[in-house]
Amino acid sequence: MADLLTTDEAATYLRLSERKLYELVAQGAVPCTKVTGRWLFPRAALDRWVTAGLIAPAALTHVAAPPIVGGSHDPLLEWALRESRCGLASLPEGSEEGLRRLARGEVMAAAIHLHAHEDDEQVNIATVAGAPGLHDAVVIAFARREQGILVAPGNPLGLSDIASVARSGARMAQRPLGAGAQLLLLALLARAGLAAHDLRLLKPACPTGTDVAQAVRSGRADCGIATRSVALAAALEFLPLTWENFDLVLRQRDYFLPGPQRLFGFLRSAAFREHAKELAGYDIDRVGEVLLVN
């Protein structure tokens, strides 16, 4: 139980008066739990809370984050943001950068699709659950997406997987570090017993999957990783690799704001289901489901 602090222990640990600590508890600003009538404070959660700067007076006013969805780019999400008239803008910079901006209060939500060497099914949830500064985050399912290798029509180099890309010396478009597709590439390389230097990776990195498609279509690259929907829109051939979880992350207090609620309402509409089917490569059976309340 040393990891659970009592009220007086937590006040001493945070160098606050007990009265101030009770005020923060009443505001829902500090991580804590009530057991048999007593408030208990997980030491690890307090550490993350302090590290994130949430103890600063500005944070305690709960100033709303800018109405922006950071993180990963996705054609279906971009369309939904526009068609739902939710007022949320898009800032696609990659999954990990989206989470960093969310922790700093620079975006209201982050779209993520993370990958690991082993369990990709739980990696989004596990990453958010342990992320500094996101102790009050929720993870909402958006879709499962099909990722694969984009190649020119007819697949002139006869590619099939990452190992064949390495053997052929194909010029491969890449995404920035921290982007979900780049994390997927690194995970696939590890599983195949390969390293990044075994591939002929082109520079500079492509900001989005759409840019990867353009690089392949123009002939600057022979291949690159992106979603089936991106390949279809660019009239490129698609070599399937895996299905991934594409989720939205935002703070609990922001979940109930008008913009996010308007978006989540639209995700349950027939128009959204029809457009997902039209784009192809999406499974939206769990859309809107709360996967984690941190």
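Thresholds applied
- Residues numbered from 1 in each chain as written.
- Predicted model: local features only at pLDDT ≥ 70, side-chain atom pairs only at ≥ 80, totals over all residues.
- Heavy atoms only, no water.
- Helix = DSSP H or I, 4+ residues; strand = E, 2+ residues; numbered from the N terminus.
- Buried < 20%, exposed > 50% of the residue type's maximum accessible area, 1.4 Å probe, protein only.
- Contact = heavy atoms within 4.5 Å.
- pLDDT = per-residue confidence, 0-100.
- Expected span 1.5 Å × (residues − 1).
- Core = buried A, V, L, I, M, F, W, Y, C linked by side-chain atoms within 4.5 Å.
- Pairing = 2+ DSSP bridges.
- Right-handed = clockwise from strand over helix to strand, strands pointing away.
- Salt bridge = Lys/Arg side-chain N within 4 Å of Asp/Glu carboxyl O.
- Axes fitted to C-alpha atoms, helices over the stretch in contact; angles between N-to-C directions.

Colleague: Even after reading the chapter, I still don't get the overall build of the chain, so can you show me in this structure?
Modeller: When helices and strands are tallied, the chain shows 14 helices and 13 strands. By its C-alpha atoms, the chain is 70 × 45 × 30 Å across when sized along the principal axes. Counting every position in the chain, which comprises 294 residues, the buried fraction comes to 48%. Sequence-distant contacts, at least 24 apart, represent 72% of the contacts inside the chain between residues at least 6 apart.

Colleague: Can you walk me through the confidence of the model for the chain in this structure?
Modeller: The pLDDT averaged across the chain works out to 91; a share of 95% of its residues lies at or above 70. pLDDT under 50 marks residues 55-61. Its contacts with residues more than four places away, or in other chains, come to 10 contacts.

Colleague: What's the story with helix α9 (residues 180-191) in this structure? I'm lost.
Modeller: What sets the pattern is the α-helix's 3.6 residues per turn: residues three or four places apart point alike. Taking 1.5 Å of rise per residue, the 12 residues of α9 would be expected to cover 16 Å, and the 16 Å separating its terminal C-alpha atoms lies within 8% of that figure. Those residues of α9 that fall on the buried side of the exposure criterion are Gly180, Ala181, Gln182, Leu183, Leu184, Leu185, Ala187, Leu188 and Leu189. After α9 finishes, the residue Gly193 shows a positive phi value of roughly 70°.

Colleague: Explanation requested: the nonpolar core in the structure shown.
Modeller: Side chains of nonpolar character tend, in soluble globular proteins, to be buried together. In this structure, Leu76, Leu77, Phe142, Leu263, Leu267, Phe272 and Ile284 are the most contacted members of the largest nonpolar core, which totals 30 residues. Listed by contribution, the elements that provide at least two residues to this core are α5 (75-83), β6 (109-112), β7 (137-151), β11 (237-251), α13 (258-266) and α14 (270-279). It is α5 that contributes the most residues to this core, five residues altogether. Core analysis: the second largest hydrophobic core is formed by 17 residues, Val151, Leu159, Leu185 and Cys223 among them.

Colleague: Honestly, the pairing of strand β5 (residues 89-92) in this entry has me stumped. Any pointers?
Modeller: Every regular strand shows the same layout, with side chains that alternate between the two sheet faces. Relative to β5, strand β4 (residues 68-71) runs parallel, the two being bridged by four bridges. Its bridge partner being in β5, Gly71 is matched across the sheet by Pro92. Between the parallel elements β4 and β5, the chain passes through α5 in a crossover that is right-handed.

Colleague: Whenever I open this one, unusual backbone geometry confuses me. Can you help?
Modeller: If a residue is not glycine, its phi is most likely negative; likewise, a peptide bond is most likely trans. The omega torsion across Lys203 and Pro204 is 0°, close enough to zero to call that bond cis. Position of Pro204 among the secondary structure elements: in the loop between β9 (200-201) and α10 (209-218). Even without being a glycine, Ala235 presents a positive backbone phi close to 60°. Within the fold, Ala235 resides in the loop between α11 (228-233) and β11. With relative accessibility at 57%, the residue Ala235 sits in the exposed group.

Colleague: In this structure, what is going on with the pattern of salt bridges? I would like to understand it.
Modeller: Pairs can form between side chains of opposite charge once their charged atoms are near each other. A full pass over the atoms with the stated rule returns 17 salt bridges. Residue Glu83 is joined to Arg82 by a salt bridge in which the shortest nitrogen-to-oxygen separation is 3.5 Å. Look at Glu83 and you get partly exposed, because its relative accessible area is 39%. Assessed through its relative accessible area of 52%, Arg82 is described here as exposed.

Colleague: Looking at this model, I keep getting lost on the sheet that holds strand β2 (residues 33-35). Mind explaining?
Modeller: Sheet strands pair by backbone hydrogen bonding; their relative direction is either parallel or antiparallel. Reading across the sheet, the three strands line up as β1-β3-β2 and stay open at both edges, with antiparallel pairing between neighbours. At either end of the open sheet lies a strand with only one pairing partner, and these are β1 (4-5) and β2. Taken together, the two bridges between β1 and strand β3 (residues 38-42) define a ladder with antiparallel strand orientation. By the bridge assignment, Leu4 is partnered in β3 with Pro42. Helix-sheet contacts for helix α3 (residues 43-51) involve β1 and β3, and the interaxial angle to β3 is about 65°.

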